[in-house]
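Observations on the three-dimensional arrangement
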Amino acid sequence: MKQQTMKYLILICALLFVFNGWAQQKKVLSGYIREKGSKELLIGASVAVPKLRTGTVTNGYGFYSITLPSDTFEIIVSYVGMSPKAYKVDLRNDTELDVELTPIASLKEVVVSANKQNLRLAEQTRMSVIEIPVSQVKDIPALLGEKDVLKVIQLLPGVQKPSEGNSGIYVRGGGPDQNLIILDEAIVYNAFHLFGFFSLFNGDALKSIELTKGGFPARYGGRLSSVIDMSMKEGNKEKIKGEAGIGIIASRFLLEGPIVKNKASFLVSARRTYIDALTMPFMPPENKVGYHFYDLNAKANWEIDKKNKVYISGYFGRDKFRFRSQFGSGRDEGGVNWGNATGTLRWNHLVNNRLFSNTSFIFSDYQFSIYQKSLFDGSTFELNFGSGIRDYAIKQDFDFRPSANHTIKFGAHFIYHQFTPSAFVLKNQFSGEDTSSKVLLGSFENALYAEDDIKIGEKLRLNPGLRITHFTAQTKHYFNLEPRINSSYNLRSDIALKSSFAIMNQYVHLLTNTGLGLPTDLWVPSSDRLRPQRSWQVAAGGAKDFLEQNFSISVEGYYKEMKNIIAYKEGASFLAVDDGSGTNNANADPYSYENNITSGRGWSYGAEFLLQRKVGKFTGWIGYTLSWTQWQFDELNFGEKFWARYDRRHDISIVAIYKVKEQKDDKNGLTLSATWVYGTGNAITLPVAEFSAPIHSPSGNPNGGGFFSSTASQYTSRNAFRMAPYHRMDFGIQVTRKMQWWIRTWEFSLYNAYNRLNPFFYYTSTTSTGDVVLRQVTLFPIIPSLSWNIKF
Amino acid sequence: MMKKIVFINIILLALGLASCDRLATEVEPPKVDAQLVLFSFLSPEDKNIKVEVSRSKPVFANTNNTKPIDLITDATVTITNENGLSIQLPYVDSANSYLISATQFAILPGKKYTVTASHGDKKVSGVCTIPLDTVSFVELSTRKLADPSTSSFGPYYLHTFKWNDPVGQQNFYRVSLEDFFVSIFIDDTTTYVQNVFDGMYDDKSKDGKAITGVYSNYSFYGFFNDTTQKVLDCYLLSTDIHYFEYHKRRLNYFGDDPFSEPVQQYSNVTGGIGVVSAFRRTKGKLVVR
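Residues numbered from 1 in each chain as written. Chains lettered and ligands numbered in written order. Predicted model: local features only at pLDDT ≥ 70, side-chain atom pairs only at ≥ 80, totals over all residues. Heavy atoms only, no water.

For the rest of this paragraph, the subject is a positive patch on the surface. Residue and element names in this part refer to chain A. Side chains of Lys239, Lys241, Lys261 and Lys791 sit close together on the surface and give a patch of like positive charge. Tracing the backbone shows lysine 239 in the loop between strand E18 (226–232) and strand E19 (241–246). Accessibility expressed as a relative area gives 52% for lysine 239, which makes it exposed. (Patch = residues over 30% accessible without salt bridge, like charges linked within 9 Å, V, L, I, M, F, W, Y side chains within 5 Å. Areas by Shrake-Rupley, 256 points an atom, 1.4 Å probe, with all protein chains shown as cover. Salt bridge = Lys/Arg side-chain N within 4 Å of Asp/Glu carboxyl O. Lys, Arg positive; Asp, Glu negative; His and termini not counted. Charge placed at Lys NZ, Arg CZ, Asp CG, Glu CD. Helix = DSSP H or I, 4+ residues; strand = E, 2+ residues; numbered from the N terminus. Buried < 20%, exposed > 50% of the residue type's maximum accessible area, 1.4 Å probe, protein only.)

We now examine the sheet that holds strand E1 (residues 24–27) of chain B. The sheet built from 3 strands is open, its strands ordered E49(A)-E50(A)-E1(B) with antiparallel pairing. Unpaired on one side and paired on the other, strand E49 (761–766) of chain A together with E1 of chain B mark the two borders of the sheet. On average, each strand axis in the sheet is tilted by 40 degrees relative to the strand beside it, whichever way the strands run. Pairing geometry for strand E50 (residues 772–777) of chain A and E1(B), over 4 bridges, is antiparallel. The residue bridging A:Gln776 from the neighbouring strand is B:Thr25, located in E1(B). (Pairing = 2+ DSSP bridges. Axes fitted to C-alpha atoms, helices over the stretch in contact; angles between N-to-C directions.)

Most often, soluble globular proteins keep nonpolar side chains buried together rather than apart. Residues A:Ile153, A:Phe201, A:Leu206, A:Ile209 and A:Met230 are the most contacted members of the largest nonpolar core, which totals 90 residues. At 5 residues, the largest contribution of residues to this core is made by strand E35 (residues 551–568) of chain A. Non-local contacts of A:Phe201, meaning those with residues more than four positions away in its chain, are made with A:Lys147, A:Val149, A:Leu150, A:Ile181, A:Leu183, A:Val188, A:Ala191, A:Leu206, A:Met230 and A:Arg271. Residues B:Leu42, B:Ile49, B:Val115 and B:Val124 belong to the second largest nonpolar core, which totals 25 residues. (Core = buried A, V, L, I, M, F, W, Y, C linked by side-chain atoms within 4.5 Å. Contact = heavy atoms within 4.5 Å.)

Our focus in this paragraph is the confidence of the model for chain B. For residues with low pLDDT, the predicted coordinates do not support detailed interpretation. Residues and elements named next belong to chain B. When pLDDT is averaged along chain B, the result is 81; 76% of the residues meet or exceed 70. Ranking the helices and strands of chain B by mean pLDDT puts strand E10 (residues 112–119) first, with 97, and helix H2 (residues 219–222) last, with 44. Taken as a whole, residues 1–21 scores under 50 in pLDDT and shows 24 contacts with residues more than four places along the chain or in a different chain. Across the assembled chains, the prediction reports ipTM 0.87 with pTM 0.84. (pLDDT = per-residue confidence, 0-100.)

Residue and element names in this part refer to chain A. Of all the 6 residues making up strand E4 (residues 63–68), 6 are buried; the element is thus mostly covered by neighbouring parts of the structure. Neither face of E4 is left uncovered, since the one carrying Phe63, Ser65 and Thr67 and the one carrying Tyr64, Ile66 and Leu68 both have all their residues buried. Sheet analysis places strand E1 (residues 27–35) next to E4, joined by 6 bridges and oriented antiparallel. Bridge pairing links serine 30 to serine 65 in E4.

Here the distance between the centres and the angle between the planes together describe a pair of aromatic rings. Counted under the stated rule, the structure contains 43 aromatic pairs over all chains. For the ring pair B:Phe137 and B:Phe161, a centre distance of 6.3 Å and an interplane angle of 40 degrees mean the geometry is tilted. Residue B:Phe137 is located in strand E12 (residues 137–146), and its partner B:Phe161 is located in strand E13 (residues 156–164); the two are separated by 24 residues in the primary sequence. Given the relative accessible area of 15%, B:Phe137 is considered buried. Among the residues examined, B:Phe161 registers a relative accessible area of 0% and is labelled buried. Ring geometry for B:Trp163 and B:Tyr201: centres 5.3 Å apart, planes at 75 degrees, overall edge-to-face. Of this pair, B:Trp163 sits in strand E13 while B:Tyr201 sits in strand E15 (residues 191–202), placing them 38 residues apart in sequence. On the basis of relative accessible area, B:Trp163 is assigned to the buried category, the value being 0%. Grouped by ring-pair contacts, the aromatic residues B:Phe137, B:Phe161, B:Trp163, B:Tyr173, B:Phe197, B:Tyr201 and B:Tyr215 constitute a single cluster. Between A:Arg346 and the ring centre of A:Tyr311, over which it is positioned, the NZ or CZ distance is 5.3 Å. Lying across the ring of A:Phe546, A:Lys544 places its NZ or CZ 4.3 Å from the centre. (Phe/Tyr/Trp six-rings, centres within 6.5 Å; stacked < 30°, edge-to-face > 60°. Lys NZ or Arg CZ within 6 Å of the ring centre and 35° of its normal.)

Structure below.
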């Protein structure tokens, strides 16, 4: 395998050399594209060369490079929501051209045609990718007014939500652990607050959000089903700016500005809930219960010189649930804490005007802990249990643009995962016990990758790639090759047929059976026994742009097979906490959790339709998904296939945002928004009967051939019962006005406007007449909310 | 401003949640009829042939005046061997089952038996084949791993069970560790059985090889004086696939709770639910010092 790896490296180097020699005959136009005013680097901005009917886009750091024949060209630079700029470039020598684009006050209906370059789905090689404008996230009505990136992603075709109000993500039949959620290059392991009702991504601090459901480029890996790649804003380089908001459950603020004007900037944003502060005064002093969460995002960047930039960014968030009760001379207190911390240090280096390098040092940490402390008659009892995962990673990525027809990305990723399946401390002064134990598991996950976005003639584009992955697990080393390819063929300039194929491997697994983002969910590594999850996915479809009307349509069909996916065995409890009793002796098995899980296979296939309009007074999208997802585990459902819990035959989302009046100067702004969603009910297992199910006594006692008398439940076959379908409509109204010092926005939103009683879970209940009935619990009826936001 | 927003929001939230009493609504459940339930575990090593017949209780029904287990005492229950010889089993109140002595009807290794129960217009039956051979332990041992003074949980024991799998056939096993005690809380005389450990094994990828099972625990002996010598009965059952599949699930079922994965019970009974299965038994002694 080592020899094979070396061969690939030599091949990549040879390709670079060939391209380099060939490119000597041409001239290079390169530079950065920024937003005027804030100097924020723009990701995916378009640089078009109409004369040659070619162009390129900026990378994740706002850098572009295009190699052209030595000549004079008109260059048009554009980005969604910004006024395009045209330049005449005399390309007799390699030329650097940094561009600043001015935001358009309004996303007007009439935009020059060049600006539509960014809107063209038919021009993109990749498929199954959806970019979500951050501005739209802020306009879409939300539960309790809390804008939530993951809930907006749930509104896209191919993405299923688990249940009412929950931020969990299920993409094309994949589980909640199969999504690679990246914030500024750092993996986020538990993306949820408040048991899944809110995600931890504060939309104020985000610059870009991109969802990939299939046709994964080789630079991404480690998860089977999706990549959600988010970048934080860098911070305004020219002047101090800020935002603040007060909502029904939380308040937040953001501050950004220059450290050294046009050289270095910072951004800080924070959010905290105050349910605990509001309810605490109403509780009796001897019994207090509280819950809150907070987020803190921070970023700073420094442009050392034209060729070097350094970014440091981080996220820190915690959920804290606690209780305290007092009785006589004693006191009981306890709580559950969980949260993520990420940190990224990046160095952008322009090796030359065609080769861009980014080096990242990444730290990511997720910790969960539960504790109890009792004090009575001067003695204490203390119990602490914790689990978690911590990553230390180095990524080296290169972006090489040898010609107008090639955009090559290659690099290497090294991650050291440190898993803590359980950490346990017990101090009991009543009995004199003093015990502690900690199980730590370490694994390396490494990858090499290379991909090339190739234009072949006017009509055909290919993006082939290869990722070579390696994972250390106990005594085994797993090596896997992951070939990827995307293709796009333009029937006309506005119509493209697309296809993709991708193989993915996943070496870390989440033990969960709810997908609710419970803090007890546990990340564990692949091991000798627990093999890596693996999938292959093929997709085909088409995209059509309606440039005059500013919208695009895409239709995709996909088929995905997954193997070695995991599930809890029958009877396993997901709330069981290991008390550590088996861990402080030489024979304790740190992989004992494997006894509770089983591996199986999955199949998901379906079709997705998306009509999207990103520009204009009236924006939004209509998404529809028709899908089937089945699982098969030898140890579940007697080995028969069954529907996945979140198998969803039909899923519809309609999102509409209408800017009635744009806020400008002293004029008020008014934005109306609405969403409607529909989804087939979740597939669940219900008990249907109870019966005598004795356990045989091997000793034959009592009574000879003895039975231990007991009863058991008879269930429907696994997930054979469908909950009621889910549907809901939300409305939002935003009124914006310029005040003396700031721009103020009042937002009124109505969640579940027609008060649909959607199912959250089902339970059995006995009526006063003795009838056992099935009841459905609804979490949220119609919920109005009001929030107040300012921007300065 | 902050006060104002919070105040308005509390009012809005209160209005929204005013309809909370409507949040639990009744929905149409899946409907099933009551079924006949048949259980029998046959072995040449048992003194009796015992069959339990009961009726399942649909969950979504009226629960007034129903017993926890709806035993049927007036069914017609027969056992038939592969030569067509059959015998009817009478209901024995003290056993809550249909019961005959093994001397009345031979249960022989390698033979197939059919157990049938009829009640009203319902008829259920199950078929099993008695495993040919018994299998015995080749090693039974206990090791004390942790000293009680270093652990808050008492001494820590590792029990090892080892036997040789007969080659060339699919085999299933149950290892069971049972203890007997007399409860001073009840009548101080009756002996009760306590199941200490159960393990289900098969010979998948171990055909003809030695199979080893281990069981470790802290607390069970921690309550005894460490100098006490304790002898436990240890059973090795060589079972048919029905016994294995049923008990593998049944032993892992501790009742329904919303935080555990549901366990679907195994059945090989046609016309209803339950298990008719077979096993061979050997016994060993495990000495704990």
